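Structural overview
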There are 4 protein chains.
Amino acid sequence: MNQNCFALEMAVRDYECDMQGIVNNAVYQHYLEHARHEFLKSIGIDFAAITALGINLVVLRVEIDYRISLISGDSFYVTVEPQRISPLRFGFLQTICRLPDRKQAVKALVTGTALNAKGRPQLTKELDPLLKDL
Amino acid sequence: MNQNCFALEMAVRDYECDMQGIVNNAVYQHYLEHARHEFLKSIGIDFAAITALGINLVVLRVEIDYRISLISGDSFYVTVEPQRISPLRFGFLQTICRLPDRKQAVKALVTGTALNAKGRPQLTKELDPLLKDL
Amino acid sequence: MNQNCFALEMAVRDYECDMQGIVNNAVYQHYLEHARHEFLKSIGIDFAAITALGINLVVLRVEIDYRISLISGDSFYVTVEPQRISPLRFGFLQTICRLPDRKQAVKALVTGTALNAKGRPQLTKELDPLLKDL
Amino acid sequence: MNQNCFALEMAVRDYECDMQGIVNNAVYQHYLEHARHEFLKSIGIDFAAITALGINLVVLRVEIDYRISLISGDSFYVTVEPQRISPLRFGFLQTICRLPDRKQAVKALVTGTALNAKGRPQLTKELDPLLKDL
């Protein structure tokens with residue numbers, strides 16, 4: 001794996017599969033979100049703590065391409081690569097890759113911002129660990 | 001509402017809200033999917049029945065723009081407008097609008113196809129009610 | 001339906017079904033919770049508002065008997081009958097019945113309490129609409 | 001940990017927390033189910049494979065006592081201890097314990113059976129690895 005790219009290993013849980021026997025589409029957003037939050041924690045930004053401060057990290061847009069379906073028993077890893085989108089927006093380029101063959105199951109671009117206590121977009125200093133290198 | 005546009009009224013359930021007190025991002029995909037399945041049922045395509053036949057309707061790509069957050073107590077409607085994307089792909093233009101002010105909470109484009117029993121894309125005759133007017 | 005008993009009509013959503021093609025066990029807890037919150041709202045107790053006041057309604061124990069499985073396309077109603085369990089505990093006797101045959105899918109007893117801002121059980125006056133007749 | 005007792009380590013994911021900032025009640029059933037399926041896999045019973053054979057492992061009853069609430073950032077382990085309940089029923093005594101203090105968050109008894117292809121309870125030979133020592 002690219003050394004500049006955060007990756008989190010996970011495994012399919014049976015309750016995440018739907019009547020087609022594959023992981024339900026919406027569940028991949030949970031995988032992507034969980035990996036983003038773990039990435040943020042790894043650079044010193046705790047989602048729950050920042051929420052308690054009145055700063056709400058919110059998703060503005062997601063684009064997800066579904067390539068192959070994950071099924072019961074599959075392991076996979078989720079990557080997170082942060083990007084600067086605009087002065088008030090940041091993004092995360094993410095992939096979900098099945099193990100052990102590393103085939104890409106999902107590729108996604110998630111764009112977000114932070115809302116301050118008044119509900120206005122503002123990239124406060126708490127987000128510096130994320131934004132400083134972008 | 002546009003008379004050519006299917007709309008389903010729903011309401012936020014408290015367990016769908018996360019620690020920010022707003023509906024979790026992934027839950028909107030559930031809303032969108034449920035409305036698509038109800039739309040398909042309204043034109044004679046039953047998702048569970050078609051799955052039992054070995055035809056798997058799958059999502060290939062989603063694009064979701066999040067405009068305003070829904071919260072506990074909110075009602076909303078979800079619209080579904082089918083589109084032909086390519087010979088082997090169809091799409092659904094969807095919106096989620098809060099009630100009673102009809103402000104758009106989410107706008108989405110969901111692209112899909114059908115996989116036959118061999119896992120290959122094929123728009124079989126069971127999908128005619130969806131495809132014939134597109 | 002018993003006139004003293006709150007009932008909420010709902011329908012299975014396809015994403016709630018798992019690879020067995022039936023509603024996943026945990027989802028029934030969501031149905032039960034949603035009906036309880038709607039019941040509470042009907043008597044003037046808004047879960048989100050009361051949470052914002054620092055009063056946390058929490059579940060202490062659930063007992064759920066599963067009788068028949070709900071599947072895609074099923075409609076059902078969820079009943080809620082409040083009960084006094086002890087000075088600091090209240091309960092809800094609940095059923096989930098399939099429509100139109102009214103066969104019982106689930107029977108449950110959910111015991112709860114309220115935690116005040118210090119995390120201690122206390123049935124504050126905000127709960128009077130629930131407790132006064134028990 | 002007891003050497004006769006299966007235990008699976010997991011961690012809270014932020015999307016599992018609700019507006020109270022704690023893991024939603026129904027999510028614990030997901031934790032319990034996932035640990036049971038991993039336990040079954042560890043003794044040679046694959047839930048998806050057995051489902052594909054037309055054998056449906058179903059839950060008949062759950063009793064869950066909630067002791068402390070898990071929150072964002074918590075790690076925990078889930079234990080699974082199988083029990084014989086009756087000729088046609090088996091059970092799983094389960095706990096969820098927070099780490100690192102090992103405080104019990106949840107204690108549960110989950111009773112189940114297997115339904116054969118005709119929908120009748122039958123503990124077929126595929127379940128021998130589970131039942132032989134009970």
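Source: prediction; values computed, not measured.

What follows concerns the overall build of chain A. A tally of regular secondary structure across chain A gives 3 helices and 5 strands. Seen in sequence order, chain A has helices and strands lined up from the N terminus as β-α-α-β-β-β-β-α. Based on the C-alpha atoms only, the size of chain A along its principal axes is roughly 45 × 30 × 25 Å. Taking all 134 residues of chain A together, the buried fraction comes to 56%. A separation threshold of at least 6 residues defines the contact pool for chain A, and within that pool the share at least 24 residues apart is 65%. When the accessible surface of chain A is totalled, it reaches about 5900 Å², and 49% of it is carbon and sulfur.

The two copies are related by a screw operation: chain D maps onto chain C through 180° of rotation and 0.0 Å of translation along the axis, at an RMSD of 0.0 Å. The operation mapping one copy onto its partner corresponds to a two-fold rotation axis. Nearest to the rotation axis, the C-alpha of Glu63 of chain D is located 2.2 Å from it, this being the minimum over chain D. Take the interface residues of chain D: 96% of them recur as interface residues in chain C, which is what a same-surface contact looks like.

Ordered in space as 1(C)-3(C)-4(C)-5(C)-2(C)-2(D)-5(D)-4(D)-3(D)-1(D), the 10 strands form an open sheet in which the pairing is antiparallel. Each end of this open sheet is capped by a strand with a single partner; those strands are strand 1 (6-11) of chain C together with strand 1 (6-11) of chain D. When the angles between neighbouring strand axes are averaged without regard to direction, this sheet yields 25°. Relative to strand 5 (residues 104-115) of chain D, strand 2 (residues 56-66) of chain D runs antiparallel, the two being bridged by 10 bridges. The residue of strand 5 of chain D that forms the bridge with Val58 of chain D is Thr113 of chain D.

The subject of this paragraph is the interface of chain A and chain D. Listed as interface residues are 16 residues of chain A and, on the opposing side, 16 residues of chain D. Interface area for chain A against chain D, summed over the two sides, is near 1300 Å², with a carbon-plus-sulfur share of 51%. When the buried area of chain A at its contact with chain D is split by residue, Arg13, Asp14 and Tyr15 of chain A rank highest and sum to 45% of it. Where chain A touches chain D, the interface holds 2 salt bridges.

The next subject is the interface of chain D and chain C. Of the residues lining the interface, 23 residues belong to chain D; the matching set on chain C comes to 22 residues. For the chain D and chain C pair, buried surface summed over both sides reaches about 2200 Å², with 45% attributable to carbon and sulfur atoms. Applying the counting rule to chain D against chain C returns 4 salt bridges. With a shortest N-O distance of 3.1 Å, Arg61 of chain D and Glu63 of chain C are connected by a salt bridge. Viewed at the interface, chain C and chain D are joined by 17 residue pairs in polar contact (both at pLDDT 80 or more). If you list the elements that add at least two residues to the side of chain D that touches chain C, you get helix 1 (25-42), helix 2 (47-52) and strand 2 of chain D.

The subject of this paragraph is unusual backbone geometry. All names here are of chain C. Each neighbour pair has its own omega, and for Leu99 with Pro100 the value is 5°, a cis peptide bond. Note that Pro100 resides in the loop between strand 4 (89-99) and strand 5 (104-115). Within the chain, Arg102 stands out as a residue other than glycine whose phi angle is a positive 60°. Here Arg102 falls in the partly exposed class, since its relative accessible area comes to 46%.

Residue and element names in this part refer to chain A. Take Ile85: it is sitting in strand 3 (residues 75-86). Along the primary structure Ile85 and Ala105 are separated by 20 residues, whereas in three dimensions their C-alpha atoms are 24 Å apart. Beyond its immediate sequence surroundings of up to four residues, Ile85 is in contact with Phe90, Gly91 and Thr111.

Let's shift gears to the environment of Asn116 of chain A. Residue and element names in this part refer to chain A. Looking at the secondary structure, you find Asn116 in the loop between strand 5 (104-115) and helix 3 (128-131). For Asn116, the residues in contact, after removing those within four places along its chain, are Gly54 and Gln122. A distance of 2.8 Å separates polar atoms of two side chains, one belonging to Asn116 and the other to Gln122.

This brings us to the pairing of strand 4 of chain C. All names here are of chain C. Sheet analysis places strand 3 (residues 75-86) next to strand 4, joined by 11 bridges and oriented antiparallel. Bridge pairing in strand 4 places Ser86 opposite Arg89. Hairpin connection, strand 3 to strand 4: the antiparallel pair is bridged by 2 residues. The pairing of strand 4 with strand 5 spans 8 bridges and is classified as antiparallel. Looking at strand 5, one finds that Gln94 is bridged to Ala108.

Our focus in this paragraph is the relation of the copies chain A and chain D. With an axial shift of 0.0 Å and an RMSD of 0.0 Å, the rotation relating chain A to chain D amounts to 180°. Mapped onto chain D, 100% of the interface residues of chain A again fall at the interface, so both copies present the same surface.

Reading the values: rules and limits
Residues numbered from 1 in each chain as written. Chains lettered and ligands numbered in written order. Predicted model: local features only at pLDDT ≥ 70, side-chain atom pairs only at ≥ 80, totals over all residues. Heavy atoms only, no water. Helix = DSSP H or I, 4+ residues; strand = E, 2+ residues; numbered from the N terminus. Buried < 20%, exposed > 50% of the residue type's maximum accessible area, 1.4 Å probe, protein only. Contact = heavy atoms within 4.5 Å. Areas by Shrake-Rupley, 256 points an atom, 1.4 Å probe, with all protein chains shown as cover. Least-squares fit on C-alpha atoms with pLDDT ≥ 70 in both. Pairing = 2+ DSSP bridges. Axes fitted to C-alpha atoms, helices over the stretch in contact; angles between N-to-C directions. Buried area = accessible area lost by both parts, 1.4 Å probe. Salt bridge = Lys/Arg side-chain N within 4 Å of Asp/Glu carboxyl O. Polar contact = N/O pair within 3.5 Å; in protein donor to acceptor, adjacent residues only side chain to side chain.

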